[in-house]
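Structural characterization, general
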Amino acid sequence: MPVKALRTTSTARNGLGAFILQCKRLDFHYCDHWGSSRGMNSFLTSPLLPHLSLTNPSIHISISPRPSHHPIIRASYINGREKVICVRNLQKEQILKKVELLRDAGGEKVRRVKGGRVVDSFGGIGREGVRGVWSPYHGEGRGVDWGRGKVER
Amino acid sequence: MAASQIGVVAGRRSLQATSRSHYTCPQCQLCAYRASHKTSSPLRHLPARRHASFMDSETWRKRIWGPNPPGPKDLYKDGPPSFLDQMREKRQRDKQEEPRDGEGKTEALEEGIEGNDNTEGYKPATTWEKLPRIGGDTWAKNQYVSTHSFEGFMYSKLESREEIIMAIHQALVEVFALKQADLPLSMDVNPTTSMPHNEYLRWLAEDASFEKTENGETQLVLGSKELQDAIIDSIMPKEPTEDETTEAGAVMEQQQPIEEGLAEATNLEQVDDAGGLGGPALATDRQHVEADNTESVETSEAWPLVESLDPANIDDDGRPIAPANDSWRDVPLENQAVKFAVLKRVMQLTGTRISDPNIGSITNSKILLTHLVKKPKPKKLADNLISKELAELPNVQISKRRYGLIDKEKEVGRWKVIKQELEKFGLQPIKGRGIGRKPVTL
């Protein structure tokens, strides 16, 4: 008897059909006076922020002062949760890394992965795939046309 | 056995009984011990109320003063009444002398009413509107401040670069004019001239410049002798009148030894302290000299050389008055007497005080300018960001104010709904937070 294939449907996941960035908003708060905000101030005036906003057009970036407080970056996600990172006394390159961390994260709470499970690409082989797990951030990517020409990621 | 003996024996037996059969706590044991040993207390001979009066001070007094000590034997009994006793007696005397409530006050009121006969047009007030208010937290201070206005040495500050440059040029010309005329480098506290300030400045800007001689020294070059006379006549200290000499003389005598010490130590030219930066003497001298100036100047009008220059320091063409050339920039200020005279005059003209640590670093007029011209106030970061291309990006929002909860609600569009609901319940929407929050007026 011929082997019948099992009819299965693919599990719905973000990125399977279309990838939707979970981070929808980034709030940058700085202080004009406090010394811990110097790095943040230089980050805001540097070309790093405009490049970030151009490469991530789906993220709403808001910049506002927060006097007499340390500088923070607040990220809002689609699931309604927020994540905040205090970037006091950091340089602008370090702040950029934190921004990328927030952008790439989802809104889920950071939980400890128990059992040492391996994320496998091929649905249950129990070991890491040779080619690795797919992510939307690698490869050619897709460009967005803002009317000024395509902006490549 | 007597009753007392029975009682004592019973007591002893009870003690013995308790010690053998029953447990007694340490506290009870202590009480029993004290009761039994009460008669032999070491402090028994001292009175319960310890006062220094019971101590025999005679032996100590004899030890200190000898066989015949002065003063009363017992200060507490025989001596004068203590301070507290004196105060108590005084209070009692005052109470007896005080009139009873209302007696003294009504007498004073009656006197006041009797003295004031002019009651025409008098109408007792029903409210306190338009009535003069006397007393309160700041009333006394305001009364003093309104009658004692302070006029400092330095006038209103100059802000613009052109005015400061003209002030430096004027100060340099005046000091060098005095130096070349072999006159002491002392100026009148309130210099005046026979022409308006604007004209004087224009004359200085056009006809005064600096040149370097063959020896390398800087020399002032004036266009005409009249200009030199006008400068010297305006800034030379005027002689005070007879009334002022007696008052100013007392002040001068106090400062003379200081001047002599300075002159000896540093070999500087004598600086007349009437025009100097000394604080307390200055105000009185200035007032006297001001009064004197109006009398001594022969022309009909005396124009002060220090004014608020905002509208006046402008040419007929509408441009600010500026020196004709830049020769004033390279004038050296290494001679200490010249330097201090220039700095004093510049501070008076510009209203900007140069601090002592910075004075040492000033060696020429160019450096002096850098200390006087204020740097522009640093802009807020929000202003910087708005002016850049970042603000033009469609997904970027920049705000100058702190982004608060109400701003968040407004963005989403919920604030209108919240406000309407609050008004339905008769509550006013709150603006701000904390103690300083104010209700929004509808």
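The structure under discussion appears in the preceding block.
Residues numbered from 1 in each chain as written. Chains lettered and ligands numbered in written order. Predicted model: local features only at pLDDT ≥ 70, side-chain atom pairs only at ≥ 80, totals over all residues. Heavy atoms only, no water.

1. Describing the packing of aromatic side chains
Residue and element names in this part refer to chain B. Under the convention used in this document: Here the aromatic set is Phe, Tyr and Trp, taking the six-membered ring for Trp, and pairing holds for ring centres within 6.5 Å; pairs whose planes are under 30 degrees apart are stacked, those over 60 apart are edge-to-face, and all others are tilted. Strands are runs of DSSP state E lasting at least 2 residues, helices are runs of H or I lasting at least 4, and numbering of each runs from the N terminus. Burial status follows relative accessibility: with a 1.4 Å probe on protein chains alone, a residue under 20% of its type maximum counts as buried, one over 50% as exposed, and anything between as partly exposed.
Under the criterion given, the structure shown has two aromatic pairs over all chains. Taking the centre distance of 5.5 Å and the plane angle of 80° together, the rings of F176 and F210 count as edge-to-face. Remark: F210 occurs in strand β2 (residues 208–212) and F176 occurs in helix α8 (residues 161–180); sequence separation between them is 34 residues. The exposure class assigned to F176 is buried, which follows from its relative accessible area of 4%. On the basis of relative accessible area, F210 is assigned to the buried category, the value being 6%.

2. Quick look at the pattern of salt bridges
Once their charged atoms are close, side chains differing in charge can pair, the charge on each being opposite to the other. Short version of the rule: In what follows, salt bridge is the name for a side-chain nitrogen of Lys or Arg lying within 4 Å of a carboxyl oxygen of Asp or Glu.
As enumerated under the stated definition, the model contains 15 salt bridges over all chains in all. Across the salt bridge formed by B:K408 and A:E82, the nearest N and O atoms sit 3.8 Å from each other. Placement of B:K408 in helix α17 (residues 405–412) and of A:E82 in strand β4 (residues 82–86) is noted, with the two residues assigned to different chains. Exposure remark for B:K408: the relative accessible area of 35% places this residue in the partly exposed category. For A:E82, a relative accessible area of 36% gives the class partly exposed.

3. A short note on a nonpolar patch on the surface
For clarity, the cut-off: Like charges within 9 Å and nonpolar side chains (Val, Leu, Ile, Met, Phe, Trp, Tyr) within 5 Å are joined into patches, using only residues over 30% in relative accessible area that form no salt bridge. In this description, accessible areas are obtained by the Shrake-Rupley approach with a 1.4 Å probe, and a residue is regarded as covered only by the protein chains that are shown.
Judged by side-chain polarity, B:W60, B:I64 and B:W65 come together as a nonpolar surface patch covering roughly 430 Å² of accessible area. Along the chain, the position of B:W65 falls in helix α3 (residues 58–65).

4. Details of the side chain of A:T55
Residues and elements named next belong to chain A. Using the following cut-off: A 3.5 Å cut-off defines polar contacts: any pair of N or O atoms within that distance qualifies, except that in protein one atom must be a possible hydrogen donor and the other a possible acceptor, and neighbouring residues in sequence count only when both atoms are side-chain atoms.
Along the chain, the position of T55 falls in helix α2 (residues 48–55). The class of T55 is buried, set by a relative accessible area of 16%. For T55, the side chain forms a polar contact with the main-chain oxygen of H51, separated by 2.8 Å. Within the structure, the side chain of T55 is placed 3.2 Å from the side chain of N56, a separation counted as a polar contact.

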